[in-house]
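Each chain, letter by letter, is given below.
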Amino acid sequence: VLDPSYGQPLRAMDDAVPRAIAKAFKVPILKTPLIWQGGNLLSNGRGLVLTTTQSINANVEVGSDADASVRFVMDHFGARQLVVLEHLLGETTGHVDMFACFTSPDTVLVGTYPKSVAPSNAGVLDRNAARLAKIRVGDEKLQVIRIPMPVGQDRVCRTFTNVVFANGTLLVPTYPG
């Protein structure tokens, strides 16, 4: 079990999870000083991993070299391709799962905002989608499907891509109208 730091003092239980998993499965744990939050690594299960600039920047802030952070993901998370995307502006986690999710190894959903609602983040998402559309998965290009992002309220970002796949069921967040 790989145990990078969660990097948030108020979320100590997030750092406790890898230890509990290692103990439950009686497997060794590899501790690393790097900060990597789960919502900021998405894998298609076949070597393509997505993250955001937030993760790279968080590690640079604690003294890691950006290239070393990328190499770490490549070496320890089974990534053959790592795509570092822009994070949403004003969204506090900086996580990739706040605007993207894989629905299959060759399909990724990417949110979209109307330019009239969130001009800066509309641009971020458009650039991320364009970048992902150039990625190859095997012999084909990655299929990028755009989905509308719910409008945030009270400076809280809302998303339909921060999902959970569980036993053939997809749990998607909903929000009051």
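The rules behind each value
Residues numbered from 1 in each chain as written. Predicted model: local features only at pLDDT ≥ 70, side-chain atom pairs only at ≥ 80, totals over all residues. Heavy atoms only, no water. Helix = DSSP H or I, 4+ residues; strand = E, 2+ residues; numbered from the N terminus. Buried < 20%, exposed > 50% of the residue type's maximum accessible area, 1.4 Å probe, protein only. Contact = heavy atoms within 4.5 Å. Core = buried A, V, L, I, M, F, W, Y, C linked by side-chain atoms within 4.5 Å. Patch = residues over 30% accessible without salt bridge, like charges linked within 9 Å, V, L, I, M, F, W, Y side chains within 5 Å. Areas by Shrake-Rupley, 256 points an atom, 1.4 Å probe, with all protein chains shown as cover. Salt bridge = Lys/Arg side-chain N within 4 Å of Asp/Glu carboxyl O. Pairing = 2+ DSSP bridges. pLDDT = per-residue confidence, 0-100.

Quick word on the side chain of Asn121
1) Next: For Asn121, the position within the fold is in helix 4 (residues 119-133).
2) Next: Judged by its relative accessible area of 11%, Asn121 is buried.
3) Next: When residues no more than four places from it in sequence are discounted, the contact partners of Asn121 are Leu88, Leu89 and Tyr113.

Considering unusual backbone geometry
1) Next: Despite not being glycine, Lys26 has its phi angle at roughly 55°, a positive value.
2) Next: A positive phi is found at Asn167, a non-glycine position, where the angle reads about 50°.
3) Next: By secondary structure assignment, the location of Asn167 is in the loop between strand 11 (164-166) and strand 12 (169-171).

Let's talk about the nonpolar core
1) Next: Residues Leu48, Leu50, Leu88, Phe99, Val108, Leu132 and Leu142 are the most contacted members of the largest nonpolar core, which totals 24 residues.
2) Next: Those elements that provide at least two residues to this core are strand 4 (48-52), strand 5 (81-85), strand 6 (100-104), strand 7 (107-112) and helix 4.
3) Next: Ranked by residue count, the leading element in this core is helix 4, at five residues.
4) Next: Sequence-distant contacts of Val108, defined by excluding residues within four places in its chain, comprise Leu50, Ala100, Cys101, Phe102, Leu132, Leu142, Gln143, Val144 and Ile145.
5) Next: Within the second largest apolar cluster, seven residues are counted, among which are Trp36, Leu41, Ile56 and Leu82.

Some words on a nonpolar patch on the surface
1) Next: A cluster of nonpolar residues, Val1, Val17, Ile21, Phe25, Val27 and Ile29, forms a patch on the protein surface that exposes about 490 Å² of accessible area.
2) Next: Within the secondary structure, Ile21 sits in helix 1 (residues 12-25).
3) Next: Accessibility expressed as a relative area gives 38% for Ile21, which makes it partly exposed.

Thoughts on the pairing of strand 4
1) Next: Of all five residues that make up strand 4, five are buried, and the element is covered over most of its length.
2) Next: What you see with strand 4 is no split at all: Leu48, Leu50 and Thr52 on one side and Val49 and Thr51 on the other are buried throughout.
3) Next: Taken together, strand 3 (residues 42-43) and the strand that follows it, strand 4, pair antiparallel across an intervening segment of four residues, in which Gly45 is found at a positive phi of about 85°.
4) Next: Alignment of strand 4 against strand 5, held across five bridges, turns out to be parallel.

Re the confidence of the model for the chain
Any segment with low pLDDT has predicted coordinates that should not be analysed in fine detail.
1) Next: With 97% of its residues at a pLDDT of 70 or more, the chain has an overall mean of 88.
2) Next: Taken element by element, the predicted model of the chain shows its lowest mean pLDDT in strand 1 (residues 2-5) (79) and its highest in helix 4 (97).

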